[in-house]
Amino acid sequence: MPFPNVRLSNRPLHFIYLCDCSGSMAAQGKMQALNQAIRQSLPGMAEVARENPEARVLVRAVRFADQAAWHLAEPTPVQQLQWRDLEAGGITAMGDALNLVADALQSPPMEERALPPVLVLISDGQPTDDFDAGLANLMRRPWAQKAVRLAIAMGHDADLEVLQQFIGPEPSGRGKSPRRPLQASNATTLAQYIQWASTAVVGAASMPASRVAATDTGGATNSQANIPLPDLPPTLLDPSDDVGPLVW
Amino acid sequence: MSPSWQHLQACSVIGAAHRRQQKPCQDASLSVDLKGRGGSLQLLVVADGHGGRRYRLSHRGSALACQVSQEAVEQWLACTPLQDPERWRQLLEQELPATIHQRWLAAITADWALQPDAEHEPFSPLLYGSTLGLVLLAPQWWGCTGIGDWDLSAIDQQGHAALLSEEREHGGSEATGSLCQELDQQLWHERTQLHPLEPQTDLQALVLSTDGVRKSCATDADYLQLCAALLDLRDHQELEQGLSHITQAGSGDDVSLAIAHRASKPRRSVVPPGSWCWLLLLLAASSVGLGAWLMTRQETPLQAQVRQLCANPEQIQATLNQRRAQFKALLEQPLLANQLQQPTSSDPLGTLIATSQSGPIPGCAALNDELSRQWQRARATAVPAKGKMPGAAAPAAAPRNP
């Protein structure tokens, strides 16, 4: 008997960058480093996508400065993605960026069968608009609740508190954790974090596996338990292992 | 075999992703005829081990779940007459879950003692975590129970499939119940059903599946179409090939199906002989009148959507299930309804849903009933507009399944 004529489909995995493009990103080569890090991470991300054909990795990007706007509006298969450079200038409308992503995470356009999305927020400063309202709006979307939310702080002026709010409850204990803002103090560290998020995390999010939330989080409630986050690269586990000069 | 059920089949196939990663199949399934003092009973079981590092023995957990389910049913079959469906309903809701859970814990504990890691690692049921869905098929009734994200569909005599049982959403996440949690009778109770089989019952077959099958289909309507089409598979080999195709072209997850057909019965005509001519004449006259009426009337996209759904009532639930998030969004953002109800809206189903928020819509009862049910569900699970961070609002005891 021929196989029934029904539509079978792999599951879309939406990966969204939220990039701070405020004026301070122009200083000390931060903007250039971010563009470079994302561009360099794409071949690795495409390779992970190729290794996990059951997930359809689709990339988008939001830029935020005086206001937020889609830098890459169409969910683009990573294999077809050509990164256009972001440019710095303006203030830090981070709350506006969260609103923009909130709109995109509605169903529709989000597919019922999609895998939990991955949201990566990258910032070097403090929000200048209503971050709380933006975050509350975002977190009303079930897809945002399911999402893997990561944050990268570029330099020591980044507001770690708001980045932690974006990620969710802080894990117990000390030390580096993907459930805390990842602090990139130079271009090398930033590149490693971006590479990790776009390969190891995408690989984990692509896996069709079940798990038990209550024990994944040691009893604490945490929506991030949807995906068991992979370990950070060994060189990033200890702050003293950071590679390169402290420039930011 | 019971004369009421035939051609039982169960099959599990390793997911394309697990095959590539050289991991074992974490699904297990079973179809078996059981004999007891109370008569013959058939059993279908599917179980889905969670996989992943934390649940690294879940392939054994799912296999043991199938095994202990059979033992537990046999235990109760030995002392419970099949002619007492109410007692079996009670068993499905209460005693059977407890017996299965207890036996499963004992089985995985014994299995752990044989593992090389047992000497230097404390035992945890998590290692064996698995879902479990089972269906009992008796001559006069059928029933189901279980825990987790398995699905059960019925195919009627006309070949239409309908979803009978699915796991409710856990706090907006992809959480699922699991045998490795402490026994929660409520979770089993929610998945328990028992239905009498009358001669006029319009049931052709039951299809039990693990979540990998449904998640491989583009939509729930495709999943139901698949369930209906599965009845045409001739043998186990075809079922296995079909499952391999499903996981390769779909989610990549392990996939399991268990199917039971009701024995065919002679079709009985509900129309007295001689009435057919009158009926055909009436139908022809109605068609002419309806055609003329339609010619004078421009159908709106909303009306077309209603007509389309009401013409296929078996697909209403699946279609609306696709829009659960939209129901919730409409509750949380009242302005969204205005957008969807604009004449320029390109989403007629969204317009229909938004319109139904204020009451029944002109359409069939099946559509209005399902809309009402969806609104009820959305209200029960909607996130308060000014709530806490949802990360803290997720249920503590709910396993997840991305």
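Note that this is a predicted model, so its numbers are computed, not measured.

Participant: Would you take a moment to explain the nonpolar core for this structure?
Facilitator: Among soluble globular proteins, nonpolar side chains are generally buried collectively. Grouped together as the largest cluster of nonpolar side chains are 47 residues, with contacts concentrated most on A:Tyr17, A:Leu34, A:Val120, A:Ile122, A:Ile152, A:Leu190 and A:Ile194. Listed by contribution, the elements that provide at least two residues to this core are β1 (11-20), α1 (30-51), β2 (55-64), β4 (118-123), β5 (148-154), β6 (182-184) and α6 (187-206) of chain A. Here this core takes 10 residues from α1(A), the largest share from any one element. With near-sequence residues (within four places) excluded, A:Ile122 lies in contact with A:Tyr17, A:Leu18, A:Cys19, A:Asp20, A:Leu34, A:Phe64, A:Ile152, A:Met154 and A:Ile194. B:Leu34, B:Trp76, B:Leu92 and B:Ile147 belong to the second-largest nonpolar core, a separate cluster that totals 42 residues.

Participant: Explain the state of the cysteines here, please?
Facilitator: Note: disulfide means a covalent bond formed between the sulfur atoms of two cysteine side chains. Residue and element names in this part refer to chain B. This structure, assessed with the given rule, holds 1 disulfide over all chains. Paired by a disulfide, cysteine 310 and cysteine 364 hold their sulfur atoms 2.2 Å apart. One disulfide, between cysteine 310 and cysteine 364, carries an S-S torsion of -85° and so falls in the left-handed class. With cysteine 310 in helix α9 (residues 301-311) and cysteine 364 in the loop between α13 (348-356) and α14 (365-381), the pair connects residues that are 54 residues apart, well separated along the chain. The thiol of cysteine 25 is not disulfide-bonded; the next cysteine sulfur, from cysteine 11, is found 9.2 Å away.

Participant: How should I be thinking about the pattern of salt bridges in this particular structure?
Facilitator: Think of it this way: side chains of opposite charge can pair up when their charged atoms draw near. All told, the structure shown has 21 salt bridges over all chains when counted by the stated rule. With its nearest N and O atoms 2.9 Å apart, the salt bridge here joins B:Arg20 to A:Glu54. Of this pair, B:Arg20 sits in helix α1 (residues 16-20) while A:Glu54 sits in the loop between α1 and β2, placing the two residues on different chains. Residue classification places A:Glu54 among the buried residues on the basis of a relative accessible area of 4%. Put simply, B:Asp220 and B:Arg214 hold a salt bridge, and the shortest N to O gap is 3.0 Å. Grouping residues by exposure puts B:Asp220 and B:Arg214 together as buried. When salt bridges with common partners are traced through the structure, they connect A:Arg113, B:Asp151, B:Glu166, B:Arg214, B:Asp220 and B:Arg377 into a single cluster.

Reading the values: the criteria
- Once a new chain begins, its residue numbering starts again from 1 and follows that chain's sequence as written.
- Ligands are numbered from 1 and chains lettered from A, in the order in which they are written.
- Reporting in this predicted model follows two pLDDT cut-offs: at least 70 for local features of residues, and 80 or more for side-chain atom pairs to be given and counted; totals over whole chains, interfaces and linings ignore these cut-offs and use all residues.
- Heavy atoms throughout the structure, all of them, feed into the side-chain values; hydrogens and water do not.
- Definition used in this section: a nonpolar core is a set of buried Ala, Val, Leu, Ile, Met, Phe, Trp, Tyr and Cys residues joined via side-chain atoms within 4.5 Å.
- Exposed residues in this analysis have more than 50% of their type's maximum accessible area, buried residues have under 20%, and partly exposed residues fall in between, with area computed by a 1.4 Å probe over protein chains only.
- In DSSP terms, a helix is any run of H or I states spanning at least four residues, a strand is any run of E spanning at least two, and both are numbered starting from the N terminus.
- Note on contacts: a residue pair is in contact if any heavy atoms of the two residues lie within 4.5 Å.
- Criterion for a disulfide: a pair of cysteine sulfur atoms at a distance within 2.5 Å.
- Note on definitions: salt bridges are taken to be side-chain nitrogens of Lys or Arg within 4 Å of carboxyl oxygens of Asp or Glu.

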